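Here is how the chains run, residue by residue.
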Amino acid sequence: MEDEEGPEYGKPDFVLLDQVTMEDFMRNLQLRFEKGRIYTYIGEVLVSVNPYQELPLYGPEAIARYQGRELYERPPHLYAVANAAYKAMKHRSRDTCIVISGESGAGKTEASKHIMQYIAAVTNPSQRAEVERVKDVLLKSTCVLEAFGNARTNRNHNSSRFGKYMDINFDFKGDPIGGHIHSYLLEKSRVLKQHVGERNFHAFYQLLRGSEDKQLHELHLERNPAVYNFTHQGAGLNMTVHSALDSDEQSHQAVTEAMRVIGFSPEEVESVHRILAAILHLGNIEFVETEEGGLQKEGLAVAEEALVDHVAELTATPRDLVLRSLLARTVASGGRELIEKGHTAAEASYARDACAKAVYQRLFEWVVNRINSVMEPRGRDPRRDGKDTVIGVLDIYGFEVFPVNSFEQFCINYCNEKLQQLFIQLILKQEQEEYEREGITWQSVEYFNNATIVDLVERPHRGILAVLDEACSSAGTITDRIFLQTLDMHHRHHLHYTSRQLCPTDKTMEFGRDFRIKHYAGDVTYSVEGFIDKNRDFLFQDFKRLLYNSTDPTLRAMWPDGQQDITEVTKRPLTAGTLFKNSMVALVENLASKEPFYVRCIKPNEDKVAGKLDENHCRHQVAYLGLLENVRVRRAGFASRQPYSRFLLRYKMTCEYTWPNHLLGSDKAAVSALLEQHGLQGDVAFGHSKLFIRSPRTLVTLEQSRARLIPIIVLLLQKAWRGTLARWRCRRLRAIYTIMRWFRRHKVRAHLAELQRRFQAARQPPLYGRDLVWPLPPAVLQPFQDTCHALFCRWRARQLVKNIPPSDMPQIKAKVAAMGALQGLRQDWGCRRAWARDYLSSATDNPTASSLFAQRLKTLQDKDGFGAVLFSSHVRKVNRFHKIRNRALLLTDQHLYKLDPDRQYRVMRAVPLEAVTGLSVTSGGDQLVVLHARGQDDLVVCLHRSRPPLDNRVGELVGVLAAHCQG
């Protein structure tokens, strides 16, 4: 924990405070809040302050940092508590629960979401489909329950108006396989009326603002919530002020998608929308007195009967029965005769409101039960699959004190009294059990026991709930004032109860209306107005039978009690207060059977502003949450306790006998030696497996010693590790180079062996290895193979050339020269025939004038003294005027001659051979040749008169000239 949080962030655990006073507690809380540390421990209890802004404390990276860690290995966090509960469940097969408490707006719902996200992230590594389905339902159920059970209040924009306890079932591998949700005391009176600045439940506004126009038309609704009495108050308010992403329109789409993922059928979703619309229309029904009777009962009528038509259509019930249920009720006389008694306008309004509240409550309970039916573990057999373990998450309303506190606040504060009683008992029980287990003498701890307050509320026959039930069941007219007088009579001497009648001088209470209870969290004044009606929670049987007989199967399933006959004698139903008390007793018993983990949420200010902490407001919450008392209980015996192994792991570097590893008989002996060296042995006690430290100063001293040594140890470890890495790298490089060297040798040997194998037959004529394929060489042998290939080509050429007669060598050299010049540029250049060179002296090619040409050739040889004729042939000359003339071309080793065959081969032009700069031919099959000479006009000729006809001599001319120039 200290690794990431220094002293500048305050104490990460309130148990480590030097003095346990409210001032020190608040100073540490404010310092951590200002530094962005919204979580702080009290032992294993987490204190959370709502930041009212998004902080980078959550997500996959944060989950990975806390997964599998001990509670104190990382800074305080919700993930640490969730991980501790999950580890206790998985490793020790213990049922655990996480109790989240705090006042409205303190962040309880968000905390439960983060806990659910952590559990979903760390489970099901094998991606089993059924487990993924359960996880999706668990996560999506929160969205649906928020829509139907949350509302905007003056203290919280997304306040839970019901208590929720969720059990998550896990298999032996620690994967979620199911769950169950329990809901407590839905604030159904909010359906009818809200305070200024508050809204009805989110579901109504999401339906109106998020539905399409066609759906609204089918539900006979208008988009403006101000049109309806039940939503008029909150029409101008949004669901939240934080982000447009949480608007009612987008929330409606999110809730609809969540219901689809959970498993609600499209028909069920439509039924839910119709029921919500029916409640809105029901709230707009008004009653008027009529002078004459008739079809209207006792002169009472509905002001706008179209609304009755809408309600009947949306609930799939007969219109006349809906109207009759609104205007009258049916009762059975002693002789089981049915009597229809008409309502007054006030009675009809009361019946309408009671029906609206009951329908919404049944709808909410049906949604919860529908989710539970999807989450129930399927096909589990304990004998085959092993015992399932459970993690419970309790997100329930905190202590409430309003200017006017009624029956709902009384029940909520009674619930908090029960939970506080359980909290103190379990904390003390855990302390005592641990001391006994470790062999430490238990010291009694004085604390405020609120059992007397719980007894004041739930005591049989004399408790407030018992007196209230008696008032509801008594014959005659029992008013709230009479109920208050009975309370005064029973509890006039109770230390935690008072009223204006018992304390006439206290003018903060009114006569005949108010009473006050001194709760553990402070004094709360309650108004008894409406206590009896809210506790009785009466709904006429006519509405139950009406809705049970609906043709809508979803609505019909919500009213199983409507099938009773009106003349049937039944037991008196339990009151709302008794039902709530029974559920609280069952909840406390359930929590007491599990290993608890606590999250105490604090609301920093009433303005819901980020970065602001109102000290007086937080001081009040710290008091009623009992946090100081929790610190005192934790410190009454020993402020800290740690297993010997973990203590040594953290502090062994501060003692020479324990660093780096001790050689003593046990970890306990090593811890004793460490404490003796520091002189702290008088402030500790040694248990069987744990060390108990009495004063926080001992921990501070050890932490300071550790903090001084950590930089030195870090440098030592860095040096050793860097040296180790360098040695590893060096050995690895040596190994790499050795492998490379031997592999290179292997490749060279293999390549040379392959070359030897392939070229064994290269000496055999006549091909001398012409068709042999060279193997692909390694990169290192590529230059070597290129040299070998050149040598092989020269050797093969030598083998071929040495068998050629000397007389054919000039022709071979000329053809090689021609191939070098024309290869790839001209397809046919006459390489496959014998080259005669001097075609004018040939009787075959020049039968009529060969002797004449021989005479002219001898004359020129005598005159110019050339040594040999390189080429001669008849040509056609093309001049600059495009005129064609027959000419002859003679190429000797000294001159290029243009001759006239028609004049006995007279020389028309002689060009020294060293003056010829080039020769141009085309790439086609023609015999066109252009001879370029320095300082003279180009000679353009076309070879012809060949035997056989069309014989290609361009290549021969090019080869002869090139071979002569190369020689």
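The rules we used
- Residues numbered from 1 in each chain as written.
- Predicted model: local features only at pLDDT ≥ 70, side-chain atom pairs only at ≥ 80, totals over all residues.
- Heavy atoms only, no water.
- UniProt positions renumbered as here; feature names shortened; annotations may be inferred.
- Buried < 20%, exposed > 50% of the residue type's maximum accessible area, 1.4 Å probe, protein only.
- Helix = DSSP H or I, 4+ residues; strand = E, 2+ residues; numbered from the N terminus.
- Pairing = 2+ DSSP bridges.
- Axes fitted to C-alpha atoms, helices over the stretch in contact; angles between N-to-C directions.
- Contact = heavy atoms within 4.5 Å.
- Salt bridge = Lys/Arg side-chain N within 4 Å of Asp/Glu carboxyl O.
- Domains from an automatic or database assignment.

The protein chain is annotated in an unreviewed UniProt entry as Myosin IG of Homo sapiens. What UniProt records for the protein chain under Subcellular location (unreviewed entry) is the sentence "Cell projection". Quoted verbatim from the Sequence similarities (unreviewed entry) field of UniProt, the annotation for the protein chain is "Belongs to the TRAFAC class myosin-kinesin ATPase superfamily. Myosin family."

## A word on the pairing of strand β22 (residues 895-900)
Within β22, six of the six residues are buried, which leaves it mostly tucked inside the rest of the structure. Of the two faces of β22, the one carrying His895, Tyr897 and Leu899 and the one carrying Leu896, Lys898 and Asp900 are both buried. Bridge analysis of strand β21 (residues 884-892) against β22 gives four bridges, and the strand direction is antiparallel. Across the sheet, Leu890 pairs through a bridge with Tyr897, a residue of β22. The antiparallel pairing of β21 with β22 creates a hairpin that spans two residues between the two strands. Judged from the six bridges that link them, β22 and strand β23 (residues 906-912) form a sheet pairing that is antiparallel. Each bridged residue has a counterpart across the sheet, and for Lys898 the counterpart in β23 is Arg909. Between the antiparallel neighbours β22 and β23 lie five residues, among them Gln904 with a positive phi of about 60°.

## Overview of the sheet that holds strand β14 (residues 514-519)
The three strands lie next to each other as β13-β14-β15, forming an open sheet whose pairing is antiparallel. Each edge of the open sheet is held by one strand with a lone partner, namely β13 (497-499) and β15 (522-527). The sheet shows a mean angle of 25° between the axes of neighbouring strands, taken without regard to direction. Pairing geometry for β14 and β15, over six bridges, is antiparallel. In the sheet register, Lys518 faces β15, and the bridge partner there is Asp523. Lying on the sheet, helix α17 (residues 480-491) is in contact with β13 and β14; it crosses β13 at an angle near 135°.

## Topic: the pattern of salt bridges
Scanning the entire structure with this criterion turns up 38 salt bridges. Its salt-bridge partner being Glu110, residue Lys113 comes within 3.3 Å of it at the nearest N-O pair. Taken together, the residues Lys113 and Glu110, both in helix α4 (residues 108-122) and three residues apart, mark about one turn of the helix. We classify Lys113 as partly exposed; its relative accessible area is 22%. For Glu110, a relative accessible area of 41% gives the class partly exposed. One salt bridge connects Glu305 with Arg319, and the closest N-O pair in it is separated by 2.6 Å. Residue Glu305 is found in helix α10 (residues 305-315), and its partner Arg319 is found in helix α11 (residues 319-327); the two are separated by 14 residues along the sequence. Taken together, the shared-partner salt bridges in this structure form one network comprising Arg161, Glu187, Arg190 and Glu198.

## Notes on the domain arrangement of the protein chain
Here the domain parsing of the protein chain yields domain 1 (642-708), domain 2 (720-797) and domain 3 (808-964). Between the C-alpha centres of domain 1 and domain 3 the distance comes to 112 Å.

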